[in-house]
Amino acid sequence: MKVQLRVVVLFLIAILHLGCSGNDNNSGNTSLVSSTYSPNQSYLIADTNTTIDVVGNYSNHSSKNLNPFLNWESNNTDIATVDSGVISTSSSVGLVTIAYETKDTLPSGEPVLRQKIKYEVVDASLLSIEITKPSSDIYVDQEYQLSATGVFDIGDANQTLQLSQLNWNSDDETVATVDADGVLRGVAKGLVNISAKDIDSNISSSISIEILDSLYGSIKITTDSKKFNVDETIQLNAVGTNQDDEETFVTDKVIWSSLDEDVVRVDTDGLATAVAKGNATIKATLDSLESSVVLEVQKDQYLRLTDITDEESQRLSFPYICYYNMQCVETITKPSSSTFVTLKTFKLEAIGGDFTINDLAITNYAGDISYYNIGGAKFDNIQNATTIAKDDEITFSLLSNSNIVDKELVFSFRINDESAPSFVASYLFKTE
């Protein structure tokens, strides 16, 4: 069975433009200033796989893996072949040179980047494994890439090479898990033993790792509004503050819950839905951290207005015309250059009860009901005494002369009886 090896080296190259296709980090005048490749070692073990990773570092301080943008070549395929950065050695030993270069070229036709790496392929035995101690603290819900080095008996000296194809194991997955690639993930605060075993020799090693309670010192819930009505939703977000006082959205990491689900429900993404009138406390929990917010559901019976105008059909022209009167839309026999008609379409839904429209009116922004100042406007498919049944809806339009100036029209109506408050909405009609 083949063993996979990795290591790291850094070399600097002149500042060059690298226009690799699909490079999100390299736009405009961003230039490649250096690169790293791994592994960096003099030896390869016979009958193994070794992955070379090439990373480009750019002048805008970004970096990316360049492997998809490189051509690879081996000068001795009897000893080792290379495909997309994976070197496969045979059982033969000897010297081999692996070369890579960018698919993109300079105006001269030369590749932007070219590099050769010389290896000696040897037949050697693995003596021991050591798991590299994590270089930073590991917190609950945080991932960390573990690595392990192997000591091989090569000639007169032992050589340390980095191993990647191992059997990884956690002795307590309630504290931390580790996948087949050595990616550790903290689950809960505590100590855990992580082991790595070589597939061929069964040589293994282990390390004790402490998982800390939380990367964040505090969390808080943010929202644009704390008041809404039955059947409406509010998106809640959670923000965590780390040890350096930096804030990060953790909406998808917290556990959301409602203490009053008969009033407000909340899903796993922090979307709160109003169920009934009243107040509800919503909690967000991350490890031992907690934040809460009180949401108020104000109405269980109301009219909900939604602008559903189709922008492509918002403007009407011949044979329609809108005069300076409430008989706004008329058909005419020949085109007129004096006016066009702008149309807004709305959906009006009855939530929780029946509603009857009264005192339907149109004014301009200043409240002037002069038809001349309004420029001509009227409703279509809604009138006084229109009734909308519970959980039903109607669609209506507001039309206006749009050939005068940009203007904001206010339409209003009273529902059910004269003591009820007026329903008022305003929309800007633009001349384009």
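Note: the structure precedes this text.
Here is a short report on the structure shown in this document. (Residues numbered from 1 in each chain as written. Predicted model: local features only at pLDDT ≥ 70, side-chain atom pairs only at ≥ 80, totals over all residues. Heavy atoms only, no water.)

### A few points about the overall build of the protein chain
Now for step 1: Of the regular secondary structure elements, the protein chain holds one helix and 43 strands.
Now for step 2: Long-range contacts, defined as pairs at least 24 residues apart, comprise 59% of the intrachain contacts of the protein chain with a sequence gap of at least 6.
Now for step 3: Summed over all atoms, the accessible surface of the protein chain reaches about 22800 Å², with 44% contributed by carbon and sulfur. (Helix = DSSP H or I, 4+ residues; strand = E, 2+ residues; numbered from the N terminus. Contact = heavy atoms within 4.5 Å. Areas by Shrake-Rupley, 256 points an atom, 1.4 Å probe, with all protein chains shown as cover.)

### Quick notes on the packing of aromatic side chains
Now for step 1: Inspection of every chain in the model, using the stated rule, returns three aromatic pairs.
Now for step 2: With centroids separated by 5.1 Å and ring planes inclined at 50°, the aromatic side chains of Trp72 and Tyr100 adopt a geometry described as tilted. Remark: Tyr100 occurs in strand β11 (residues 94–102) and Trp72 occurs in strand β8 (residues 70–74); sequence separation between them is 28 residues.
Now for step 3: Members of the aromatic cluster, each reached through a chain of ring pairs, are Tyr37, Trp72 and Tyr100. (Phe/Tyr/Trp six-rings, centres within 6.5 Å; stacked < 30°, edge-to-face > 60°.)

### Section: the sheet that holds strand β32 (residues 289–297)
Now for step 1: Taken in spatial order, the four strands of this open sheet run β24-β32-β31-β28, and their pairing is mixed. The two strands at the open ends of the sheet, each matched to only one other strand, are β24 (227–228) and β28 (255–258).
Now for step 2: Bridge count between strand β31 (residues 278–286) and β32: nine bridges; the pairing is antiparallel. Counted as the bridge partner of Ala280 is Leu295 from β32. (Pairing = 2+ DSSP bridges.)

### Quick notes on the nonpolar core
Now for step 1: Counting residues in each nonpolar core, the largest one holds 27 residues, and the members touching the most others are Leu146, Phe152, Trp168, Leu184, Ile194, Ile209 and Ile211.
Now for step 2: Every element with two or more residues in this core is listed here: β13 (125–131), β16 (148–154), β17 (157–163), β18 (166–170), β19 (176–178), β21 (190–198) and β22 (204–212).
Now for step 3: Apart from the residues within four sequence positions on either side, Ile194 is in contact with Ile131, Leu146, Trp168, Asn169, Ser170, Val178, Leu184, Ser205, Ser206, Ile207 and Ile209.
Now for step 4: Core analysis: the second largest hydrophobic core is formed by 24 residues, Tyr216, Val254, Val263 and Leu289 among them. (Core = buried A, V, L, I, M, F, W, Y, C linked by side-chain atoms within 4.5 Å. Buried < 20%, exposed > 50% of the residue type's maximum accessible area, 1.4 Å probe, protein only.)

### Some words on the pairing of strand β9 (residues 80–83)
Now for step 1: Here β9 shows one buried face, formed by Ala80 and Val82, and one open face, formed by Thr81 and Asp83.
Now for step 2: Here β9 pairs with strand β10 (residues 86–89) via four bridges, running antiparallel. Counterpart to Ala80 in the pairing with β10 is Thr89.

### Here we look at unusual backbone geometry
Phi is mostly negative for residues that are not glycine, and the peptide bonds are mostly trans.
Now for step 1: A positive phi is found at Asn202, a non-glycine position, where the angle reads about 65°.
Now for step 2: For Asn202, the position within the fold is in the loop between β21 and β22.
Now for step 3: At Ala385, a residue that is not glycine, the phi angle is positive and equals roughly 75°.
Now for step 4: Within the secondary structure layout, Ala385 lies in the loop between β39 (377–380) and β40 (387–388).

### Quick look at the pairing of strand β30 (residues 271–274)
Now for step 1: Here β30 shows a buried face lined by Ala272 and Ala274 and an unburied face lined by Leu271 and Thr273.
Now for step 2: Relative to β30, strand β25 (residues 233–235) runs antiparallel, the two being bridged by three bridges. The residue bridging Ile234 from the neighbouring strand is Ala272, located in β30.
Now for step 3: Bridge count between strand β29 (residues 264–266) and β30: three bridges; the pairing is antiparallel. Bridge assignment links Val264 to a residue of β30, and that residue is Ala274.
Now for step 4: Remark: four residues form the turn of the hairpin made by β29 and β30, two consecutive strands paired antiparallel; Gly270 in that turn has positive phi of roughly 85°.

### Overview of the pattern of salt bridges
Now for step 1: Summed over the entire model, instances satisfying the criterion amount to eight salt bridges.
Now for step 2: Residues Arg185 and Glu143 are paired through a salt bridge, measuring 3.6 Å at the closest nitrogen-oxygen approach. Note that Arg185 is positioned in strand β20 (residues 183–186) and Glu143 in strand β15 (residues 143–145), a separation of 42 residues in sequence.
Now for step 3: Here the salt bridges do not stand alone but share partners, grouping Glu101, Glu110 and Arg114 into one network. (Salt bridge = Lys/Arg side-chain N within 4 Å of Asp/Glu carboxyl O.)

### Some details on the environment of Ile357
Now for step 1: Structurally, Ile357 can be placed in strand β38 (residues 355–364).
Now for step 2: Owing to a relative accessible area of 0%, Ile357 belongs among the buried residues under this scheme.

### Considering the sheet that holds β30
Neighbouring strands of a sheet are bound in pairs by backbone hydrogen bonds; such pairs are parallel or else antiparallel.
Now for step 1: Across the sheet, three strands lie side by side as β25-β30-β29; this open sheet has antiparallel pairing. A single partner strand is all that each edge strand has here, and the edge strands are β25 and β29. Averaged over all neighbouring strand pairs, the angle between strand axes comes to 20°, with direction disregarded. (Axes fitted to C-alpha atoms, helices over the stretch in contact; angles between N-to-C directions.)

### Side note on the side chain of Arg304
Now for step 1: Mapped onto the secondary structure, Arg304 falls in strand β33 (residues 302–307).
Now for step 2: The class of Arg304 is buried, set by a relative accessible area of 19%.
Now for step 3: Engagement of the side chain of Arg304 in a polar contact is seen with the side chain of Asp231, the distance being 3.0 Å.
Now for step 4: In this structure Arg304 touches Asp231, Glu232, Lys347, Leu348, Glu349 and Ile351, once residues within four positions along its chain are discounted. (Polar contact = N/O pair within 3.5 Å; in protein donor to acceptor, adjacent residues only side chain to side chain.)

### Here we look at the environment of Asp262
Now for step 1: Tracing the backbone shows Asp262 in the loop between β28 and β29.
Now for step 2: Setting aside anything within four residues of it in sequence, one finds Asp262 in contact with Val275 and Ala276.

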